[in-house]
2 protein chains.
Amino acid sequence: MVAPRVYEAMAKPVVGHLDPFFFQVNEEIRAGLQQVFGTQNPFTLALSGTGSAGMEAAVTNFVEPGSKFLVFANGYFCDRLTEMGIRQEANVVRIEKPWGQKVSDEEAAEAIHREKPQVVAFVHGETSTGVSNPGHAIAKAAREVDALTIADCVTSLGTMPINLDAVGLDIAYSCTQKGMSCPPGLAPITCSPRAMDRLRARKSPQRTWYLDLKLLSEYYDGAHRYHHTAPISMFYALREGIALILDEGVEARFERHRQNAAKLTAGLEAMGLEMLVPAENRMWALHTPKVPAGVSDLEVRKKLMERHGIEILGGFGPLAGQVFRIGLMGEGSQSAHVDMLLGALKEAL
Amino acid sequence: MVAPRVYEAMAKPVVGHLDPFFFQVNEEIRAGLQQVFGTQNPFTLALSGTGSAGMEAAVTNFVEPGSKFLVFANGYFCDRLTEMGIRQEANVVRIEKPWGQKVSDEEAAEAIHREKPQVVAFVHGETSTGVSNPGHAIAKAAREVDALTIADCVTSLGTMPINLDAVGLDIAYSCTQKGMSCPPGLAPITCSPRAMDRLRARKSPQRTWYLDLKLLSEYYDGAHRYHHTAPISMFYALREGIALILDEGVEARFERHRQNAAKLTAGLEAMGLEMLVPAENRMWALHTPKVPAGVSDLEVRKKLMERHGIEILGGFGPLAGQVFRIGLMGEGSQSAHVDMLLGALKEAL
């Protein structure tokens, strides 16, 4: 769901890629993203691509050929991180958990100390399973072995606290749809000064030019050295989406997500549905009740769509047919939506 | 300049990245781009990045590490192609001409036959100089040595014929602003079946995942295998921009650009200004009269902006202070604009 104000912002006249107004818009975006990510990183901006471009920027800039890249793998997007690491010719080490589970703090610390990677990646909010990992243990261990951490926040940004600086994460990226409630089009990204120092000291050639964060830093910061022509209209949209978040208040927004998530889960459990993910590991934006035995998830979802115009998703990969995936994110996380969904789902089941 | 219809299209509600409506929009874009590029290439689509992402896709997909990449260099964007080739660890060979000049057909053929590269790149319409190169001699010689050709059409698409298939070019990319008169946000690209065969046979690992044309082909064509979430609103804009082009007629649009270019050039020459580029090598979208001796281009441009609200650009790189760069592209290529500019420029000079 995208607010009308955001759509209206997109229809405003474009300006040139070196227009002072564009850089002013960009500064407002930077300040807003810093609040939502929970960081003071000066290098915080929106890349000119969608969420997966954020992932590609994180991996291609920081994971060098031949370096060790440790991926905590427990869902679809961890596999994508793995694939991108392989394409950078890194030595990718995967610490695996079944989809829906989460590595424990002890396991995470042990793996990082054993493998001593240069870069560690994990998914902060995994859309394929509903699992959230705040990353405290990962960030702590990574700093102990002087590794950088990458956190995939595509589904968590704007829906729950990330507290990037407090947790000690180095690099995080997201998208503009989902929790940010804008149309897709940009990839918010933030990098710690420590990560940027590492990038500036990088010896092996940077393979991407379009997503080269050093060049982007020279364009967006200070000298505004021409790099590429950014999708100005999407920047207008993101600025407006961020304004909506700040109007509500970042903490109030997280609390709204938390409350609606709790209400949904309580309602599902009252209906006799079991949640895939233990309470302490759940995201606030995406919920995965198990499909009851003997029930076709496809039929239930079809009924919800046809009778009520409600779209929920099914599981895929190892979870195909086993869970529903219910999104309550950004503008969509509303108490009335929870009531509507619970009523409709009860009927459909 | 962006037409109101295009802005309005962008404000329409987004749909999901696997929604049949999105793929329908995409098919309309494909059909329209085929007409504007002058091609029947089935692989014709819009990448989820701006024009430079099109360049990066062309180079990273088709220029393999260790391969020979021949770049015809006579302006700023040739240098960017060179840089991207180096980042792919290709053996980059540059055939240089001063900015504003063009390699002759004989020189092009001779260089290609001598160097026998795997891939040849040139800029079809060079924004930094106003030079156009239709590429006939390059394409012919490239096929003779079994090389692929890449044509940068960022400023030429929608403003003059490219005739991709008739000329025999393999890969071309562009942007959505400039000649297409949409906001920036996507990179139209087209690849010949010959190029796609070469890509499928590629042995060295593909380093980009986000711009991997094989994966994108699996997403947009046939099976719609999930790849990334595209910036839907920008697709709406491009569909509308293409509809405007088809309403006018592709040939009529080119002819409008040709006529306004001729009118502008005649007016500039009548004013005593000399054009940098010989008549036979000029683009129809971007014009580069020389700055008369003793005139400050910065002061002239300031006057145009302050007194008339007209923005023209100066030269840069080797042409800094030596030329004006006057854009007449897409919606902006109007006879009345030519009159207004000529009057204002006369006064300012």
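Values in this document were obtained by computation on a predicted structure and should not be read as measured data. (Residues numbered from 1 in each chain as written. Chains lettered and ligands numbered in written order. Predicted model: local features only at pLDDT ≥ 70, side-chain atom pairs only at ≥ 80, totals over all residues.)

The next thing to look at is the overall build of chain A. In terms of helices and strands, chain A carries 13 helices and 12 strands. The globule rule puts the C-alpha radius of gyration for 349 residues at 20 Å, and the 20 Å found for chain A is close to it. Taking the principal axes of the C-alpha coordinates as reference, chain A spans close to 60 × 55 × 30 Å. If you take every contact in chain A between residues at least 6 apart in sequence, the share linking residues at least 24 apart comes to 70%. (Helix = DSSP H or I, 4+ residues; strand = E, 2+ residues; numbered from the N terminus. Rg over C-alpha atoms; globule rule 2.2 N^0.38 Å. Contact = placed C-beta atoms within 7 Å.)

Another point: the pairing of strand β12 (residues 324-327) of chain B. Residues and elements named next belong to chain B. Here β12 shows no split at all, with Phe324 and Ile326 on one side and Arg325 and Gly327 on the other all buried. Strand direction decides the pairing type here: strand β11 (residues 313-314) and β12, joined by 2 bridges, are antiparallel. Note that in β12 the partner of Leu313 across the bridge is Arg325. (Buried ≥ 20, exposed ≤ 12 C-beta atoms within 10 Å, placed from the backbone. Pairing = 2+ DSSP bridges.)

Right, let's talk about the interface of chain B and chain A for a bit. How big an interface is tends to be stated in terms of accessible area lost as the parts join. At the interface, 35 residues of chain B touch 35 residues of chain A. Listing elements by their share of the side of chain B that touches chain A, those giving two or more residues are α1 (4-10), α3 (51-62), α4 (76-87) and α10 (232-248) of chain B. Looking at which element gives the most residues to the side of chain B that touches chain A, the answer is α3 of chain B, with 4 residues. Taken together, the residues of the side of chain B that touches chain A break down into 17 nonpolar, 13 polar and 5 charged. (Nonpolar A, V, L, I, M, F, W, Y, C, P; charged D, E, K, R; others polar.)

The subject of this paragraph is the packing of helix α11 (residues 250-270) of chain B against helix α13 (residues 335-348) of chain B. For any two helices packed against each other, one specifies the inter-axial angle together with the distance between the axes. Residue and element names in this part refer to chain B. At their nearest, the axes of α11 and α13 sit 9 Å apart, and the two run at 15° to each other. Looking at the two axes, α11 sits roughly parallel to α13. Between α11 and α13 the crossing geometry is right-handed. Facing Asn260, Lys263, Leu264 and Gly267 of α11, the residues of α13 in contact are Ser335, Val338 and Leu342. Residues belonging to the contact of α11 with α13 are distributed by class as follows: 3 nonpolar, 3 polar and 1 charged. (Axes fitted to C-alpha atoms, helices over the stretch in contact; angles between N-to-C directions. Parallel < 35°, antiparallel > 145°, perpendicular 65-115°, else oblique. Left-handed = near helix turned anticlockwise from the far one by under 90°.)

Residues and elements named next belong to chain A. Among all positions of helix α9 (residues 213-220), only Leu213, Leu216, Ser217, Tyr219 and Tyr220 are buried. Projected down its long axis, α9 shows its buried positions confined to an angular sector of 160°, all on one face. Immediately downstream of α9, the backbone of Gly222 shows phi near 60°, a positive value. (Arc of directions from axis to C-beta.)

Our focus in this paragraph is the packing of helix α5 (residues 105-115) of chain B against helix α6 (residues 136-144) of chain B. All names here are of chain B. Two elements in contact, α5 and α6, have axes separated by 9 Å at closest approach and are oriented at 20°. In terms of axis orientation, α5 runs roughly parallel to α6. Along this stretch, α5 crosses α6, giving a crossing that reads as right-handed. Of the residues in α6, those touching α5 at Asp105, Ala108, Ala109, Ile112 and His113 are Ala137, Ile138, Ala141 and Ala142. Looking at the contact of α5 with α6 residue by residue, the classes come out as 7 nonpolar, 1 polar and 1 charged.

Another aspect to go through is the domain arrangement of chain A. Residue and element names in this part refer to chain A. Each assigned domain of chain A is listed with its residue range as follows: domain 1 (4-247) and domain 2 (250-348). Each of domain 1 and domain 2 has a C-alpha centre, and the two are 27 Å apart. The interface is formed by 24 residues belonging to domain 1 together with 21 residues belonging to domain 2. (Domains from an automatic or database assignment.)

Before going further, it helps to spend a moment on the relation of the copies chain B and chain A. For the pair chain B and chain A, the superposition axis carries a translation of 0.0 Å, the fit reaches an RMSD of 0.0 Å, and the rotation angle comes to 180°. The relationship between the two copies is best expressed as a two-fold rotation axis. Within chain B, the C-alpha atom positioned nearest to the axis of rotation is that of Gly49 of chain B, 2.6 Å from it. A share of 100% of the interface residues of chain B reappears at the interface of chain A, consistent with the copies meeting face to face through the same patch. (Least-squares fit on C-alpha atoms with pLDDT ≥ 70 in both.)

Another point: unusual backbone geometry. All names here are of chain B. Positive phi, normally seen in glycine, also occurs at Glu89, with a value near 60°. Phi is positive for Lys178, which is not a glycine, with a value near 50°. Position of Lys178 relative to the elements: it lies in the loop between β8 (171-173) and β9 (187-191). Note on Lys178: 26 C-beta atoms within 10 Å, which makes it buried.

Model confidence for chain A is summarised by a mean pLDDT of 96, while 100% of its residues fall at 70 or above. Complex prediction metrics read pTM 0.96 and ipTM 0.95. (pLDDT = per-residue confidence, 0-100.)

What the 3 strands build is an open sheet, ordered β10-β12-β11 (chain A); its pairing is antiparallel. Of all strands in the sheet, those bounded by a partner on one side alone are β10 (286-287) and β11 (313-314) of chain A.

Spatially, β10-β12-β11 (chain B) is the arrangement adopted by the 3 strands of the open sheet, whose pairing is antiparallel. Single-partner strands in this sheet number two, and they are β10 (286-287) and β11 of chain B.

Okay, α3 of chain B next. Residues and elements named next belong to chain B. For α3, built from 12 residues, the straight-helix expectation of 16 Å at 1.5 Å per residue is met to within 8% by its first-to-last C-alpha distance of 17 Å. Most of α3 is tucked away: 12 of the 12 residues are buried. Within the span of α3, buried status applies to Gly51, Ser52, Ala53, Gly54, Met55, Glu56, Ala57, Ala58, Val59, Thr60, Asn61 and Phe62. (Expected span 1.5 Å × (residues − 1).)

Tracing the sequence through the fold places Ala320 of chain A in the loop between β11 and β12 (324-327). Here the alpha-carbon distance between Ala320 of chain A and His136 of chain A, two residues 184 residues apart in the chain, equals 30 Å.

As a further point, take the pairing of strand β7 (residues 148-152) of chain A. All names here are of chain A. By the criterion of burial, β7 is predominantly enclosed, with 5 of the 5 residues buried. Every second residue of β7 is oriented toward a common face, with Leu148, Ile150 and Asp152 on one face and Thr149 and Ala151 on the other, all of them buried. By the bridge criterion, 5 bridges tie strand β4 (residues 119-123) to β7 in an arrangement that is parallel. Residue pairing across strands places Phe122 opposite Ala151, the latter belonging to β7.

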